[in-house]
Amino acid sequence: MEKRIGTVTVLVKDRAVASQVNTVISQYADIVLARQGLPFRDSAVAVISLIVEGDTNQINALSGKLGRLDNIEAKAVVTRAS
């Protein structure tokens, strides 16, 4: 399958699930090129931005597993790698 480059944006609505988020991201470490997290100090919300490179199935699997966690929203945007 053709490789894609993209981002996965993760909204964490409750930091109590942070360890589960980290576990899923670690399972896909082979496609994660970069990770940036931004906690909002005045609320329980945090945003994680992942830069990924892999095939569509891998990226969608990562986004899907994250999105199925309680209090998490995850969206992927991909394009073809040149």
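Residues numbered from 1 in each chain as written. Predicted model: local features only at pLDDT ≥ 70, side-chain atom pairs only at ≥ 80, totals over all residues. Heavy atoms only, no water.

*Asks:* Honestly, the overall build of the protein in this entry has me stumped. Any pointers?
*Replies:* Helix and strand counts for the protein stand at two helices and four strands. Taking 82 residues into account, the globule formula puts the C-alpha radius of gyration at 12 Å, and the protein, at 12 Å, falls close to it. Expressed as lengths along the three principal axes of its C-alpha atoms, the size of the protein is roughly 40 × 20 × 15 Å. Among the 82 residues that make up the protein, the fraction classed as buried is 30%. Of all intrachain contacts in the protein linking residues separated by at least 6 positions in sequence, the fraction that spans at least 24 positions is 72%. About 5100 Å² of surface is accessible on the protein, with carbon and sulfur atoms providing 50% of the total. (Helix = DSSP H or I, 4+ residues; strand = E, 2+ residues; numbered from the N terminus. Rg over C-alpha atoms; globule rule 2.2 N^0.38 Å. Buried < 20%, exposed > 50% of the residue type's maximum accessible area, 1.4 Å probe, protein only. Contact = heavy atoms within 4.5 Å. Areas by Shrake-Rupley, 256 points an atom, 1.4 Å probe, with all protein chains shown as cover.)

*Asks:* For this particular structure, what's the right way to read the sheet that holds strand S4 (residues 72-80)?
*Replies:* By definition, the strands of a sheet pair up through backbone hydrogen bonds, in either a parallel or an antiparallel sense. Pairing in this open sheet of four strands is antiparallel, and the strands run S2-S3-S1-S4 from one edge to the other. Single-partner strands in this sheet number two, and they are strand S2 (32-39) and S4. Each strand of the sheet is rotated relative to its neighbour by a mean of 15°, with strand direction disregarded. Note: strand S1 (residues 3-12) against strand S3 (residues 46-55), ten bridges, orientation antiparallel. Following the sheet pairing, Ile-5 is matched in S3 by Glu-53. Here helix H2 (residues 56-67) sits on the sheet in contact with S1, S2, S3 and S4, set at roughly 155° to S3. (Pairing = 2+ DSSP bridges. Axes fitted to C-alpha atoms, helices over the stretch in contact; angles between N-to-C directions.)

Geometric values such as these leave the question of function open.
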